[in-house]
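Summary of the model geometry
The residues making up each chain are set out below.
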Amino acid sequence: MDLRLRGRVAVVTGGSEGIGKGIAHRFLQEGAKTAICARRDDVLQKAAEELRESTSGDLLAVSADVTKPETLSNFINRVVEDFGRIDVLVNNAGRSATSAFDDLTDDAWYADLDLKLMGAVRCARLVIPQMKLNGGGRIINITHPGGKQPGAGSYPTSVSRAAGIAMTKALSKELMPHNILVNTVCLTSIKSAQGERAWKAEGSRGTLEDYWIERAQEHPLGRLGEPSDAGALVAFLASEWASFITGTAINLDGGLSNVV
């Protein structure tokens with residue numbers, strides 16, 4: 001299926017590894033001009049080199065931290081300067097953080113909300129004026145099924161992700177008159193850079209692939225998702241084929257969660 005994204009401009013935060021990198025890869029494959037940001041410039045530029053080699057796509061990589069407004073503003077300004085417009089925003093920057101309620105300090109709560117909720121708010125605030133000038137656009141927030149079905153000890157991630165889901169619905173209604181569609185992908189059980197770091201931290205004697213296989217044994221489908229699975233869904237939501245979809249929260253979890 002031709003997603004008709006050629007020439008569109010997509011922005012992906014947290015695009016240097018794992019899921020974000022997989023999403024950027026799919027946009028580049030579809031012919032979209034793509035801009036990625038991440039905090040660590042060395043990791044970001046390495047990812048950019050790999051993405052250019054594998055897709056020959058038009059890619060911009062600028063280091064930025066979504067918790068630091070000045071770096072984020074610089075990133076978005078560079079995108080507009082280099083590509084002339086912004087059609088798609090993917091708010092992907094984030095990390096999993098879970099703990100028992102009694103173990104969490106105020107600082108831990110603030111840090112998680114600043115990264116996952118306020119990071120998305122800051123990005124949306126910067127790109128919405130550009131999308132209005134274009135006559136429309138797409139905002140896709142990456143969240144988690146735990147935002148719909150929080151479990152014990154799932155703080156602060158489940159709470160910040162629930163806020164992200166609520167923001168998605170409210171923003172979708174506000175931006176409908178401007179043809180800006182807003183959706184969220186609630187994903188889990190996807191092979192990610194964070195999962196790879198967990199494997200290294202555990203000091204496992206097996207390979208990373210052994211680690212993925214072990215984790216997959218507990219999954220209903222018997223496998224974990226690939227970053228390309230996230231890329232495929234996000235690219236579809238950014239396309240004209242999804243022009244009647246807004247305000248939705250779509251699970252990408254291989255059927256793991258018990259909520260729709």
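Presented here is a report on the structure given in the accompanying data block.

**What to know about empty space enclosed by the protein**
- In total, this model carries one cavity of 30 Å³ or more according to the counting rule given.
- Empty space within the largest cavity amounts to approximately 120 Å³.
- What lines the largest cavity is a set of 17 residues, and nearest its centre among them are Asn 91, Lys 116, Ala 120, Ile 142 and Arg 161.
- Those elements giving two or more residues to the lining of the largest cavity turn out to be α4 (106-134), β6 (137-143) and α5 (157-175).
- Counting residues per element, the lining of the largest cavity draws most heavily on α4, which supplies five residues.
- Residue composition of the lining of the largest cavity, by class: seven nonpolar, eight polar and two charged.

**Notes on the sheet that holds strand β2 (residues 33-38)**
- Spatially, β3-β2-β1-β4-β6-β8-β9 is the arrangement adopted by the seven strands of the open sheet, whose pairing is parallel. Taken across any chain shown, the strands that pair with only one partner, and hence form the sheet edges, are β3 (59-63) and β9 (249-252). Recorded for the sheet is a direction-independent mean angle of 20 degrees between the axes of neighbouring strands.
- The pairing of strand β1 (residues 9-13) with β2 spans five bridges and is parallel. Following the sheet pairing, Thr 13 is matched in β2 by Cys 37.
- In the packing of helix α1 (residues 18-29) onto the sheet, contacts are made with β1, β2, β3, β4 (88-91), β6 and β8 (180-187), and the angle to β1 comes to roughly 170 degrees.
- The sheet contacts of helix α3 (residues 69-83) involve β1, β2 and β3, and relative to β3 the element is tilted by about 160 degrees.

**Some remarks on the layout of surface pockets**
- The volume enclosed by the largest pocket comes to roughly 1200 Å³.
- Around the largest pocket, the lining comprises 46 residues; the ones closest to its centre are Gly 94, Arg 95, Ser 96, Ser 192 and Gln 194.
- It is helix α6 (residues 193-202) that contributes the most residues to the lining of the largest pocket, five residues altogether.
- Residue classes in the lining of the largest pocket are distributed as 15 nonpolar, 22 polar and nine charged.

**Looking at the environment of Arg 161**
- One can find Arg 161 in helix α5.
- The exposure class assigned to Arg 161 is buried, which follows from its relative accessible area of 10%.

**Quick look at the pairing of β2**
- When you tally the buried positions in β2, you get five out of six residues, the bulk of the element.
- Crossover connection from β1 via α1 to parallel β2: handedness right-handed.
- Of the pairings in the sheet, the one linking β2 to β3 comprises five bridges and is parallel in character. For Thr 34, the partnering residue across the bridge sits in β3 and is Leu 59.
- Viewed along the sheet, the connection from β2 through helix α2 (residues 41-55) into β3 turns out right-handed.

**A word on the nonpolar core**
- Ranked by size, the top nonpolar core spans 32 residues in total, and within it Ile 23, Phe 27 and Val 185 carry the most contacts.
- Within the second largest apolar cluster, 30 residues are counted, among which are Cys 37, Leu 60, Phe 83 and Ile 128.

Cut-offs applied
- Residues numbered from 1 in each chain as written.
- Predicted model: local features only at pLDDT ≥ 70, side-chain atom pairs only at ≥ 80, totals over all residues.
- Heavy atoms only, no water.
- 1 Å grid on protein atoms, 1.4 Å probe; cavity = no way out; pocket = protein on both sides within 12 Å on 5 of 7 lines; lining within 4 Å.
- Points joined across faces, edges and corners; volume = space filled by probe spheres on them.
- Helix = DSSP H or I, 4+ residues; strand = E, 2+ residues; numbered from the N terminus.
- Nonpolar A, V, L, I, M, F, W, Y, C, P; charged D, E, K, R; others polar.
- Pairing = 2+ DSSP bridges.
- Axes fitted to C-alpha atoms, helices over the stretch in contact; angles between N-to-C directions.
- Contact = heavy atoms within 4.5 Å.
- Buried < 20%, exposed > 50% of the residue type's maximum accessible area, 1.4 Å probe, protein only.
- Right-handed = clockwise from strand over helix to strand, strands pointing away.
- Core = buried A, V, L, I, M, F, W, Y, C linked by side-chain atoms within 4.5 Å.

Read these as geometric descriptors, not functional statements.
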